[in-house]
Amino acid sequence: MIVEAVGENGLLIRFGEEMDEALTPYILHVRNAIAAQLGHWVTDLIPAYTTLLCLYDVRKVDFRRMRNAVQAVVNEAADPASDIDGTGRLVELPVYYAAEVGADLQAVAQRAELSIEETIERHSQRTYRVFAMGFSPGFAFMGSVDPHIATPRKDTPRDRVPAGSVGIANRQTAVYPSVSPGGWNLIGRCPYRLFSMDTLSLLQTGDRVRFRPIDRDAFLDAGGEL
Amino acid sequence: MTTLRVTKPGLRATLQDEGRQHSQHLGLAPGGVADLHAWHWANKLLDNPPHGACVEVLLGQFEAIAEGSLSIAVTGASTQACINGEAVGNWQTHHLSKGDRLTLTETKSGLINYIAVSGGWQGDTFCNSRSMTPREGLAGFTVIGEDTTLTAAREAGHPKRFVPAHFIPDYTSPLVLRVVPSYQYHCFDNAAKAAFTQQLYAVSDRIDRMGYRLSGPALDVPNIQLLSEGIALGAVQVPADGQPIVLLNDRQTIGGYPKIGTVAALDCSKLSQRGPGTDVRFAFADLADIQGERMIFEAFFAQTGWTDDGKLIWR
């Protein structure tokens, strides 16, 4: 593992180069160890696909001391005897898959040479892992999408993607927590609120996520908006 | 409680403190003051806690009415502050009585002013911060609007104080942004690194609290596929068009464009006071130098205090 300085108050820990589901629990294990042992110096810990960005308070610690401390935690956490729980929390999200809420569902199916039903099945039969959070509050980057329905981002992003929209970008999938611009291929909509100021983010890095297809009535009953 | 009613927020006014901590992993931008220097001085003039929230006004043209007795300080950009139409100076404390009207004209140099009140502005917090991040549209944490009422922690009661002249910056002076090599620095070829530091860049008109897009000769961008990674304040992202973007407080928390390094936080503060068309240069710098300077800066504001006759001394 490489620990490198980024700017005057950050350390970036690199765990690998390739997207790999097995890496996420390991990154979170190190994240937890740093939070537990160096929490008094840390201001933010941002896990992503293969990295952990550790931001620290320069009023309390300098680079050298912080790097040595982080390196020690990393070395200890790299001990093969450490007990890493790779399962993560399982979250089920209902999704109404339909053209009226998924403007690109037809196009994704056509590109994959599958029927709409088969496309929905391919998307909803997998258990995804949250690799990273970002883009907007509560936005979870999940993977990996079945290669048959993996579809590149749209050339021209939409100015306004409705909240709850479920999208695909290459082998990643996500639910838009709020109305925002976006270039992902929209295939359905989830009635849940993925981010609120009271409960914050429904999803966190490391969670496992399954999508459960629901019909129009169930979507509306659950508070979904068309 | 004493309040200030904003009647004209200008182009954009927000409440800013140090920003949110421990929430970037949820995708929340940290937010926080754009110019640490002017913000710290505004709080210092009023003996406020170092994390006190100030009003951050973009491009002046701000107007507000005191609904009680308030001690305030205005720092930052060159604007003409007036109380009931009478010109008063920036970088000093002022007293407002009930009904007094505070106005700021357009800025002449610099973009941002801070208005501090004794004890700091109060109000709701979200993730332990009062910082507003307009882009995220969080209810109550977007912008200060017309008729927003701001609440002061304390009534007036501070002596007249001035920031010593040599601490008042000239926002028109040439700006060199010091960059600590980091992230994908090693992936940029030597010609790109040389061009980055030898050429002049101009601040474009695509600037906001999220980031500053600069324009100049395009850099050769390394041909690498990156997975998104956490972004620190000041990260210099170079997208396919080769034009660098300095990422600031309301930045996205992760990103996948190549980054050549990270601008010193105090230089990000200086950049935030520069408008479109301003020339800037980049220079690579040593981490220890940048960090040492920042630590002294923070220690200065933490360790100094005012004497009874208005002098600032180390405690």
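Being a predicted model, the structure only gives us computed values, none of them experimental. (Residues numbered from 1 in each chain as written. Chains lettered and ligands numbered in written order. Predicted model: local features only at pLDDT ≥ 70, side-chain atom pairs only at ≥ 80, totals over all residues. Heavy atoms only, no water.)

## Considerations on the overall build of chain B
Here is step 1 of the chain: Along chain B, the regular secondary structure elements total 4 helices and 22 strands.
Here is step 2 of the chain: The globule rule puts the C-alpha radius of gyration for 315 residues at 20 Å, and the 20 Å found for chain B is close to it.
Here is step 3 of the chain: Expressed along its principal axes, the backbone C-alpha trace of chain B runs to roughly 60 × 40 × 35 Å.
Here is step 4 of the chain: For chain B, the proportion of its 315 residues judged to be buried stands at 58%.
Here is step 5 of the chain: In chain B, once contacts between residues fewer than 6 apart in sequence are set aside, the share between residues at least 24 apart is 76%.
Here is step 6 of the chain: Accessible area for chain B stands at about 12,400 Å²; split by element, carbon and sulfur atoms hold 51% of it.
Here is step 7 of the chain: Across chain B, the mean location of the 26 positive side-chain charges is 1 Å away from that of the 31 negative side-chain charges. (Helix = DSSP H or I, 4+ residues; strand = E, 2+ residues; numbered from the N terminus. Rg over C-alpha atoms; globule rule 2.2 N^0.38 Å. Buried < 20%, exposed > 50% of the residue type's maximum accessible area, 1.4 Å probe, protein only. Contact = heavy atoms within 4.5 Å. Areas by Shrake-Rupley, 256 points an atom, 1.4 Å probe, with all protein chains shown as cover. Lys, Arg positive; Asp, Glu negative; His and termini not counted. Charge placed at Lys NZ, Arg CZ, Asp CG, Glu CD.)

## Looking at the sheet that holds strand β12 (residues 185-189) of chain A
Residues and elements named next belong to chain A.
Here is step 1 of the chain: Taking strand neighbours across the sheet as the criterion, the 7 strands line up as β5-β15-β6-β7-β10-β9-β12 in an open arrangement whose pairing is mixed. Two strands bound the open sheet, and with one partner strand each, they are β5 (90-95) and β12. Strand-to-strand, the axes of this sheet are offset by a mean angle of 35°, without reference to chain direction.
Here is step 2 of the chain: Bridge analysis of strand β6 (residues 128-133) against strand β7 (residues 140-143) gives 4 bridges, and the strand direction is antiparallel. Bridging across to β7, Val-130 finds its partner in Met-142. (Pairing = 2+ DSSP bridges. Axes fitted to C-alpha atoms, helices over the stretch in contact; angles between N-to-C directions.)

## Description of the environment of Arg-178 of chain B
Residues and elements named next belong to chain B.
Here is step 1 of the chain: Secondary-structure assignment places Arg-178 in strand β12 (residues 175-181).
Here is step 2 of the chain: Arg-178 gets classed as partly exposed once you look at its relative accessible area, which sits at 22%.
Here is step 3 of the chain: Taking the C-alpha atoms as reference, Arg-178 lies 43 Å from Asp-100; in sequence the two are 78 residues apart.
Here is step 4 of the chain: Once residues lying within four places of it in the same chain are set aside, the contact partners of Arg-178 are Thr-262, Val-263, Ala-264, Asp-267, Ala-283, Ala-285, Ile-290 and Glu-293.
Here is step 5 of the chain: Among the polar contacts listed, one links the side chain of Arg-178 to the side chain of Glu-293, at a separation of 3.0 Å. (Polar contact = N/O pair within 3.5 Å; in protein donor to acceptor, adjacent residues only side chain to side chain.)

## Considering the confidence of the model for chain B
Any region with low pLDDT has predicted coordinates that should not be read closely.
Here is step 1 of the chain: For chain B, per-residue confidence averages 96 on the pLDDT scale, and 100% of positions sit at 70 or higher.
Here is step 2 of the chain: Overall fold confidence for the complex sits at a pTM of 0.96, while the interface term, ipTM, reaches 0.96. (pLDDT = per-residue confidence, 0-100.)

## Points about the pairing of strand β3 (residues 54-58) of chain B
Residue and element names in this part refer to chain B.
Here is step 1 of the chain: Most of β3 sits inside the fold, with 5 of its 5 residues counted as buried.
Here is step 2 of the chain: In β3, alternate side chains face the same way, and those of Cys-54, Glu-56 and Leu-58 on one face and Val-55 and Val-57 on the other are all buried.
Here is step 3 of the chain: Pairing geometry for strand β2 (residues 12-16) and β3, over 5 bridges, is antiparallel. Bridged to Thr-14 within β3 is Glu-56.

## A closer look at the pattern of salt bridges
Here is step 1 of the chain: On inspection of all chains with the given rule, the structure shows 28 salt bridges over all chains.
Here is step 2 of the chain: Note that Glu-229 of chain B is salt-bridged to Arg-14 of chain A, the shortest N-O span being 3.0 Å. Note that Glu-229 of chain B is positioned in strand β15 (residues 229-230) and Arg-14 of chain A in strand β2 (residues 10-14), a pairing that runs across two chains.
Here is step 3 of the chain: Glu-229 of chain B gets classed as buried once you look at its relative accessible area, which sits at 2%. (Salt bridge = Lys/Arg side-chain N within 4 Å of Asp/Glu carboxyl O.)

## Side note on the nonpolar core
Here is step 1 of the chain: Ranked by size, the top nonpolar core spans 48 residues in total, and within it Tyr-114, Val-246, Val-263, Leu-271, Val-280 and Phe-282 of chain B carry the most contacts.
Here is step 2 of the chain: Sort the elements by how many residues they give to this core and helix α1 (residues 36-45) of chain B lands first, with 6 residues.
Here is step 3 of the chain: Beyond its immediate chain neighbours, meaning those up to four positions away, Leu-271 of chain B contacts Leu-175, Leu-177, Val-203, Tyr-212, Val-246 and Val-280 of chain B.
Here is step 4 of the chain: Counting residues in hydrophobic clusters, the runner-up holds 32 residues, among them Leu-11, Val-30, Trp-41 and Leu-45 of chain A. (Core = buried A, V, L, I, M, F, W, Y, C linked by side-chain atoms within 4.5 Å.)

## A few points about unusual backbone geometry
Here is step 1 of the chain: Between Gly-143 of chain A and the following residue, Ser-144 of chain A, the backbone shows a cis peptide bond with an omega angle of 0°.
Here is step 2 of the chain: One can find Ser-144 of chain A in the loop between β7 and β8 (158-161).
Here is step 3 of the chain: Despite not being glycine, Leu-59 of chain B has its phi angle at roughly 65°, a positive value.
Here is step 4 of the chain: With respect to the helices and strands, Leu-59 of chain B occurs in the loop between β3 and β4 (62-66).
Here is step 5 of the chain: Under the relative-accessibility criterion, Leu-59 of chain B is labelled partly exposed at 33%.
Here is step 6 of the chain: One non-glycine residue with positive phi stands out, namely Asn-128 of chain B, at about 65°.
Here is step 7 of the chain: One can find Asn-128 of chain B in the loop between β10 (109-117) and β11 (149-151).
Here is step 8 of the chain: On the accessibility criterion, Asn-128 of chain B (75% relative accessible area) is exposed.

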